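Listed here are the chains, written in short residue letters.
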Amino acid sequence: MISEPDTHHSPLTTGHCSYDLVIVGGGLVGGSLACALRGSGLRVCSIEAVAADAPAQPSYDERVIALSFGSRRILEGIGLWGVIAPGAEAIHRIHVSQRGGFGFAHLDRAEQGVEALGYVAPARLMGTAIRGILGAEATVGGIEQLCPARLLGLRRRPDGIDLEVSVAGASRTLNTRLLVAADGGDSFVRRRLGLTVRERLYGQDAIITTVSADRPQPNTAYERFTDSGPLAMLPMTQGRWSVVWTTLEADTQGLLGLSEAAFLARLQERFGYRLGGLSRLGRRVAYPLRQVMAREPVGERLVLIGNAAHTLHPVAGQGFNLGLRDLAALAEVLVEAARTGADPGGRALLAEYEALRGRDQADAARVTDTLARLFVNPWGPLRLARDLGLVGLDLVPGARRALARRFMGLASHAGRPSRLARGLSLGQSSGGRHG
Ligand SMILES: Cc1cc2nc3c(=O)[nH]c(=O)nc-3n(C[C@H](O)[C@H](O)[C@H](O)COP(=O)(O)OP(=O)(O)OC[C@H]3O[C@@H](n4cnc5c(N)ncnc54)[C@H](O)[C@@H]3O)c2cc1C
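Everything in this summary refers to the structure shown in the same document. (Residues numbered from 1 in each chain as written. Predicted model: local features only at pLDDT ≥ 70, side-chain atom pairs only at ≥ 80, totals over all residues. Heavy atoms only, no water.)

What follows is about the packing of helix H1 (residues 28-36) against helix H5 (residues 123-134). Axis separation between H1 and H5 bottoms out at 10 Å; the angle between their running directions is 30 degrees. By the angle class used here, H1 and H5 are roughly parallel. Crossing of H1 over H5 shows left-handed handedness. Contact residues: H1 offers Leu28, Gly31, Ser32, Ala34 and Cys35, while H5 offers Ala123, Met126, Ile130, Ile133 and Leu134. Taken together, the residues that form the contact of H1 with H5 break down as eight nonpolar, two polar and no charged. (Axes fitted to C-alpha atoms, helices over the stretch in contact; angles between N-to-C directions. Helix = DSSP H or I, 4+ residues; strand = E, 2+ residues; numbered from the N terminus. Parallel < 35°, antiparallel > 145°, perpendicular 65-115°, else oblique. Left-handed = near helix turned anticlockwise from the far one by under 90°. Contact = heavy atoms within 4.5 Å. Nonpolar A, V, L, I, M, F, W, Y, C, P; charged D, E, K, R; others polar.)

Right, here's the structure in full:
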């Protein structure tokens, strides 16, 4: 763990409101953590800059998220799955292939003995679920919500952190024993504290959109590796497909500017005809792709979670799933602290959290980075090796099982799974959960 310098530029007054825990960022990860901590007995404040239903909300946007089977358990445990389920499509099969190659591999729910390998749900729907739990009131289940409210500054004290927050144009000062930064890939907290990152640029963007297909294969997800990067087609409800198309940076603007028919033709050429003809193109939005890993995701009275700790390439849909596993582990150690009266920002608790999560975070970063780079390399022998690798994967049930368990968020080498990931409750001290 590290002790960061005080980099706040303007003096803060003594804290008016004191909390056990302040979560900065009420997006997919921070919002889910707030839901998980309802009724924990901890005094929690959630600060979010943009209202959940505002068009500019950066977390609950056009994205469609592939959720692992393990994530479904966590979402169930914190009471969000009930709202998400009707709008989520189950993934029964995953088809992995290489454009221009002969190899391919299948993963199937029957072989893994599960109801679904994963689910596909719109990020906006998850925002609705989180809002439904936290409600419109200022305080729900011990969680005080400040929204829209923006963190503007912070200063360390020996026993806590002072935060300067702008709420409806007025400045407020809060004090917290633990600060959880869930403020996204460009984390304000990380920058303000001068915390360093390891960054990898891919020279790629992801264009996301939706299409219809005239030969739909229900409940089948496709991951196709192409020379510009992976192209995923994810099944959605109402026969729609979510497209996550990795493009070379130099090509992105050109593709976004194409007419609907021309874009569909290019997409079809990249994906092939496994789903027949593609039509009814939805809105196109591009996201720049990079990997950003905080070197020290845990500091003095500080935890970075979600994209603030690790922004990953979207190949294999790992980012939010990893963030959920982080917050499930963090919620577990915090609920235990509330039960025993331990300091929620204490070193022992943070060291325990770090030990639980470090390996999984490093593994996810390595796997997504390798996949993002491996298939882009056009070198002939490597292409052949990739084809043979996919054929081998398809023929060896043990290898398929290992890959499926990773996709399902159940990989055994990722450290001890949290109670929520095992389908158990957190065992909070008072009511207000599972709404
Ligand atoms: C194209 C694409 C496809 C993806 N597909 C998948 C997938 O299939 N499966 C998967 O698991 N993951 C996927 N991901 C990753 C996933 O979207 C992210 O992991 C997830 O959005 C991270 O959520 P977060 O809450 O950590 O951060 P964010 O979503 O960035 O939310 C941060 C929040 O903090 C708020 N905030 C920021 N600064 C402040 C401040 N100073 N004060 C107050 N509030 C602040 C913001 O308003 C925002 O609401 C994908 C990503 C991309 C780009």
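Next comes the rest of the account.
Among the nine residues of strand S16 (residues 240-248), eight are classified as buried, and the element is accordingly described as predominantly covered. Across nine bridges, strand S13 (residues 197-213) lies against S16 in antiparallel orientation. Each bridged residue has a counterpart across the sheet, and for Ile208 the counterpart in S16 is Val244. Pairing of strand S15 (residues 229-235) with S16, which is carried by five bridges, proceeds in the antiparallel orientation. Across the sheet, the residue bridging to Leu234 is Ser242, located in S16. (Buried < 20%, exposed > 50% of the residue type's maximum accessible area, 1.4 Å probe, protein only. Pairing = 2+ DSSP bridges.)

It is worth spelling out the sheet that holds strand S4 (residues 89-91) at this point. With antiparallel pairing, three strands are arranged side by side in an open sheet as S3-S7-S4. Whereas interior strands pair on both sides, the edge strands pair on one side only; in this sheet they are strand S3 (64-68) and S4. Strand-to-strand twist in this sheet, taken as the mean axis angle between neighbours without regard to direction, amounts to 30 degrees. The sheet strands contacting helix H2 (residues 69-77) are S3 and strand S7 (118-122), and the helix crosses S3 at an angle near 95 degrees.

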